[in-house]
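# Breakdown of the fold
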Amino acid sequence: MNPGFARLAAYPFERLAQLKHDLVPPPSLPHIPLSIGEPRHAPPAFVVQRLRESLGELGSYPATRGLPELRAAGSAWMQRRFGLPAGTVDAEANVLPVNGTREALFAFVQAVVDARRAGPAPLVVMPNPGYQVYEGAALLAGAEPWYLNTTAQNGFLPDLDAVPAAVWDRCQLLFLCSPANPVGTVMPVDYLRRALELAERHDFVIASDECYADLYDDESAPPPSLLNAAVAAGNRELRRCMSFHSLSKRSSLPGLRSGLVAGDAALIEPFLLYRTYHGCAMPVPTQMASIAAWDDDAHVAANRALYRDKYDRVLPILQPVVKVARPAGGFYLWLPVDGDDAAFTAGLFAAQHITVVPGSFLARESGGCNPGAGYVRISLVATGDECVQAAHRIREFILSWKKS
Ligand SMILES: Cc1ncc(COP(=O)(O)O)c(C=O)c1O
């Protein structure tokens, strides 16, 4: 078997289930799960309708490249959303459908990493804390993960210039995530340009996970894509760039399993070949529903407003007792807990019947510390009223935690 299996870490939710196993919360309080990053707003009815209408298409094999209409809708959305110069994301050359970003992020690493090259194992560099799939994908591709700590000291933006040149020389792929899960930071264009300069100098590819790109706080400042940075640097071929997008968060459609990748034609082409062998074409009804979703921005603005409203209601309850920041993007709160995050999570569940994720479960020991330690991640995915109720209970727990 692939030796990488032995090194795969338990998923944070398995560790969380163990942590909660023997705890008995007060039966009078209904459970409010705020641990999983699964959107729970209603899926747009017109997308579900299009899916139903397209079920007759199940009789034929879909093409891995997807329908031309889907690639056209994806490229039009990229152009519109990121204000890219006309023709930057060509529907034939620069875009492919994927079955959600998770499988695409994983598959891309398998396609890009060359572990057979002579010398030490290649590195895949990634944010820490970060999405665990980056790490598992690197290990199964025969690469070593290298962690970029994301901390309050660096303003929750990993310090690219603190990485030794020898690490960049071994790096074959850099993962970025903006807006970031779990910390909520948005990477500015200049930061993305710096990453691209390093990629050019040290010969590596950048995978920019932008699956939260449409969930942001400031309506006048939507988060940029890595592709904006490429264009700003005069890199019109989008060399070394791949951006990953999803309908899961944008359109509250995590069950549809639909997203897209957009970037360098010289990466798209071999990735398409890889995917053809892998066998991960998107079913045609899913493609039809996805076209409807990418074509419409009004439901996304409404979705964003729902999250904004939750931050507006929850933060005034929490901020008097804890220094928690309003994130620039995503739907999480990265809450400092002043103590052991696993003990806080267990205590909160036992006392208030609320589930959050210990930050240390989302990060790795690196550079002498676990940068997730001392934080918990709260997903504001429940209804507004439930989130408010949860905020009151979390506040009560924080006050008792501080006294203890
Ligand atoms: C940072 C990040 N990337 C990727 C994903 C995967 O999303 P999907 O496969 O639904 O597009 C998630 C889901 O929670 C995530 O948080």
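One structure accompanies this document, and this report is about it. (Residues numbered from 1 in each chain as written. Predicted model: local features only at pLDDT ≥ 70, side-chain atom pairs only at ≥ 80, totals over all residues. Heavy atoms only, no water.)

### Brief notes about the packing of aromatic side chains
- Scanning the model with the defined rule gives 18 aromatic pairs in all.
- Ring plane angle 5 degrees and centroid distance 5.0 Å describe the contact between Trp-334 and Tyr-375, whose orientation is recorded as stacked. With Trp-334 in strand β9 (residues 332-336) and Tyr-375 in strand β12 (residues 375-379), the pair connects residues that are 41 residues apart, well separated along the chain. Accessibility classification places Trp-334 together with Tyr-375 in one group, the buried group.
- In this structure, Arg-15 is placed above the aromatic ring of Phe-361, and the distance from its NZ or CZ to the ring centre is 4.1 Å. (Phe/Tyr/Trp six-rings, centres within 6.5 Å; stacked < 30°, edge-to-face > 60°. Helix = DSSP H or I, 4+ residues; strand = E, 2+ residues; numbered from the N terminus. Buried < 20%, exposed > 50% of the residue type's maximum accessible area, 1.4 Å probe, protein only. Lys NZ or Arg CZ within 6 Å of the ring centre and 35° of its normal.)

### Here we look at empty space enclosed by the protein
- Going through the model one piece at a time under the given rule, you end up with four cavities of 30 Å³ or more.
- Space inside the largest cavity adds up to approximately 90 Å³.
- What lines the largest cavity is Leu-215, Tyr-216, Asp-217, Arg-304, Tyr-307, Arg-308, Tyr-311, Pro-327, Ala-328, Gly-329 and Gly-330.
- Residue composition of the lining of the largest cavity, by class: six nonpolar, two polar and three charged.
- By volume, the second largest cavity amounts to about 70 Å³.
- Together, Pro-127, Pro-129, Thr-150, Phe-156, Leu-157, Pro-158, Cys-177, Ala-180, Asn-181, Val-183, Thr-185 and Met-187 line the second largest cavity.
- Looking at the lining of the second largest cavity residue by residue, the class counts come to nine nonpolar, three polar and no charged. (1 Å grid on protein atoms, 1.4 Å probe; cavity = no way out; pocket = protein on both sides within 12 Å on 5 of 7 lines; lining within 4 Å. Points joined across faces, edges and corners; volume = space filled by probe spheres on them. Nonpolar A, V, L, I, M, F, W, Y, C, P; charged D, E, K, R; others polar.)

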